[in-house]
Amino acid sequence: MSTPVKLIWKDKEALSLAAAYYFVDACAKSIATNDRFTVAFSGGSTPKRLFELLALPEFSSNIDWKKVFIFWSDERFVPHTNDESNYKTSKIALLDHVKIPKKNIFVTPTKGEPAACAAEYEASVKAVLGKSASFDLTLLGMGDDGHTASLFPGTTILSEQKRLVKEVWVESKQTWRISFTYPLINKSKQVMLLVGDANKYPVLKKIFAKNAKYLFPVQGVNPAKGQTIWMLDEAAVTGQ
Ligand SMILES: O=C(O)[C@H](O)[C@@H](O)[C@H](O)[C@H](O)COP(=O)(O)O
């Protein structure tokens, strides 16, 4: 378990640019080692800006898209054509602009029963990643309440220790979500948390404090053999 790296950037744009460079580098290294790059996308405005940047030729031309395999660390239980869909957001921002084979895009099933969809998605993760179930890179955001992926405060998925993907009823949003669990997130080789804006400060202040207690779901992200990188902006760490 390595010490999380915290990188603080002037603003959200600088944070997203740094994340784009990092993504290209992590992708090239994984392909050089394993001939593929397995990555989990996340929802949220900060990850969305990263996807928009990756679609720019400066970045996309340096990525061997036919060797990139994409999953989603969480998804809203809505049709993929719905504006709430994390898949739709990344499709518009990135996937429609790069030559990635359709077979490399593993969209979360969101039709029928949430539990059955979660089981189906877990089976896809296992089929692609194999026994290790270890993503090369898992991208995550953090909500103002300290949630990450769809690991919301007070939800039963927080105590899930076996399953890799589970359905979760989010009372505060009155919706179902399909989310990676801590066991899957914490198998990642690298986790990059993209957290910008002053509204994140109240939670970050508590979790970055000395001898911080476990108060928020994002604190459960701790890859056993992987690296956690916080990509932050000044507003998020100062509140201004
Ligand atoms: O589906 C989701 O909503 C996301 O996966 C969620 O976990 C998101 O990453 C955070 O809410 C941060 O979102 P912002 O970056 O927009 O604050």
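No experiment lies behind these values; they were computed from the predicted model shown. (Residues numbered from 1 in each chain as written. Predicted model: local features only at pLDDT ≥ 70, side-chain atom pairs only at ≥ 80, totals over all residues. Heavy atoms only, no water.)

**Looking at the site of the ligand**
Then, number 1: The environment of the ligand is formed by 16 residues, the closest being Ser45, Asp74, Arg76, Ala149 and Lys200.
Then, number 2: In this structure, Lys200 approaches the ligand through a side-chain N or O atom, which is 2.5 Å from an oxygen atom.
Then, number 3: In isolation the ligand offers 420 Å² of accessible surface; the protein chains occlude 87% of this area.
Then, number 4: When contributions to the shell around the ligand are tallied by element, the ones reaching two or more residues are α2 (45–54) and β4 (74–76).
Then, number 5: Residues belonging to the shell around the ligand are distributed by class as follows: two nonpolar, 10 polar and four charged. (Near = heavy atom within 4 Å. Polar contact = N/O pair within 3.5 Å; in protein donor to acceptor, adjacent residues only side chain to side chain. Areas by Shrake-Rupley, 256 points an atom, 1.4 Å probe, with all protein chains shown as cover. Helix = DSSP H or I, 4+ residues; strand = E, 2+ residues; numbered from the N terminus. Nonpolar A, V, L, I, M, F, W, Y, C, P; charged D, E, K, R; others polar.)

**Topic: the UniProt feature "domain: Glucosamine/galactosamine-6-phosphate isomerase" (unreviewed entry) in the chain**
Then, number 1: Mapped onto this numbering, the UniProt entry annotates "domain: Glucosamine/galactosamine-6-phosphate isomerase" (unreviewed entry) at residues 11–230.
Then, number 2: Secondary structure across residues 11–230 comprises 33% helix and 18% strand; the distance between its end C-alpha atoms is 14 Å. (UniProt positions renumbered as here; feature names shortened; annotations may be inferred.)

**Here we look at the sheet that holds strand β1 (residues 5–9)**
Then, number 1: Spatially, six strands are ordered β1-β9-β8-β5-β2-β3 in an open sheet, and the strand pairing comes out parallel. In this open sheet, the two edge strands, each paired with only one partner strand, are β1 and β3 (68–72). Sheet twist, expressed as the mean angle between neighbouring strand axes with direction ignored, is 20 degrees.
Then, number 2: Pairing geometry for β1 and strand β9 (residues 227–233), over five bridges, is parallel. (Pairing = 2+ DSSP bridges. Axes fitted to C-alpha atoms, helices over the stretch in contact; angles between N-to-C directions.)

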